[in-house]
Amino acid sequence: MFPILVYKELEGLDNAFAKDNIGLARVHARRAIGEFFKEYSYSNIHPNMNAMQVLAMLSVDSSLPLYIHHSIKRLQGGLRAQLNNEVYSEKPKEDALTVLQYFVLLLGHKKS
């Protein structure tokens, strides 16, 4: 379903959760999305973008459903957002899988 590097990042996410390191889990969730877009084309996203750049590009895409925007926004937040009472992901795996599964369906498993 996903490129192998996406699975490796999701495995890293699980390992981070096992060690109660939610910050690292969020990093792996972001990277999983970034790795996905290294394999698949969408909009103005390029394979050389890092995960945060990919999330930034997706966050301004008005064609995406609101629930995808919410997952993206939560994944963009980290410790600083948490300290400032802003939005951040407490469930990065669920947020990442929501975004990834949406794009797998949207892009129809077609590689660029």
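To be clear, the structure that these remarks concern was listed above.
Residues numbered from 1 in each chain as written. Predicted model: local features only at pLDDT ≥ 70, side-chain atom pairs only at ≥ 80, totals over all residues. Heavy atoms only, no water.

S.K.: Give a detailed account of the overall build of the chain, specifying residues and quantitative values.
M.R.: Helix and strand content of the chain: six helices and zero strands. Each helix and strand of the chain, ordered N terminal to C terminal, gives the series α-α-α-α-α-α. Expressed as lengths along the three principal axes of its C-alpha atoms, the size of the chain is roughly 40 × 30 × 25 Å. Pairs at least 24 residues apart make up 55% of the contacts formed inside the chain by residues separated by at least 6 positions. Accessible surface, the chain as shown: approximately 6600 Å² in total, 52% of it carbon and sulfur. Between the averaged position of the 13 positive side-chain charges in the chain and that of its 11 negative side-chain charges there is a distance of 3 Å. (Helix = DSSP H or I, 4+ residues; strand = E, 2+ residues; numbered from the N terminus. Contact = heavy atoms within 4.5 Å. Areas by Shrake-Rupley, 256 points an atom, 1.4 Å probe, with all protein chains shown as cover. Lys, Arg positive; Asp, Glu negative; His and termini not counted. Charge placed at Lys NZ, Arg CZ, Asp CG, Glu CD.)

S.K.: Tell me what's going on with helix α6 (residues 92-107), and back it up with residues and numbers.
M.R.: Relative to the 22 Å expected for 16 residues at 1.5 Å per residue, α6 spans 22 Å between its end C-alpha atoms, a close match to the ideal helical length. Those residues of α6 lying buried are Pro92, Asp95, Ala96, Val99, Leu100, Tyr102, Phe103, Val104 and Leu107. Residues of α6 that are buried in the fold lie against α1 (4-18), α2 (22-39), α3 (51-59) and α4 (66-76). Looking one or two places after α6, you find Gly108, whose phi comes out positive at around 60°. (Expected span 1.5 Å × (residues − 1). Buried < 20%, exposed > 50% of the residue type's maximum accessible area, 1.4 Å probe, protein only.)

S.K.: Describe in detail the environment of Asn84, supporting the description with residues and values.
M.R.: When you line up the elements, Asn84 lands in the loop between α5 (79-83) and α6. Separated by 32 residues in sequence, Asn84 and Met52 have C-alpha atoms that sit 19 Å apart.

S.K.: Go over α2, please, and point to the residues and values.
M.R.: With 18 residues, α2 should reach 26 Å at 1.5 Å per residue; the first-to-last C-alpha distance of 26 Å fits that figure. Those residues of α2 that sit buried are Ala25, Arg26, His28, Ala29, Arg30, Ala32, Ile33, Gly34, Glu35, Phe36 and Phe37. Here the buried face of α2 lies against α1, α3, α4, α5 and α6.

S.K.: Explain the packing of α2 against α3 residue by residue, including any values.
M.R.: Closest axis-to-axis distance for the α2/α3 pair is 8 Å, and the angle between their directions is 80°. Judged by the angle between their axes, α2 and α3 are roughly perpendicular. Between α2 and α3, the contacting residues are Arg30, Arg31, Ile33, Gly34 and Phe37 on the first element and Ala51, Met52, Val54, Leu55 and Leu58 on the second. Of the residues belonging to the contact of α2 with α3, the class tally is seven nonpolar, one polar and two charged. (Axes fitted to C-alpha atoms, helices over the stretch in contact; angles between N-to-C directions. Parallel < 35°, antiparallel > 145°, perpendicular 65-115°, else oblique. Nonpolar A, V, L, I, M, F, W, Y, C, P; charged D, E, K, R; others polar.)

S.K.: Could you give me a rundown of the pattern of salt bridges, with the residues and numbers involved?
M.R.: Counted under the stated rule, the structure contains three salt bridges. Across the salt bridge formed by Glu35 and Lys38, the nearest N and O atoms sit 3.4 Å from each other. Note that Glu35 and Lys38 are positioned in helix α2 at a spacing of three residues, about one turn of the helix. (Salt bridge = Lys/Arg side-chain N within 4 Å of Asp/Glu carboxyl O.)

All quantities given are derived from atomic positions and should not be read as evidence of function.
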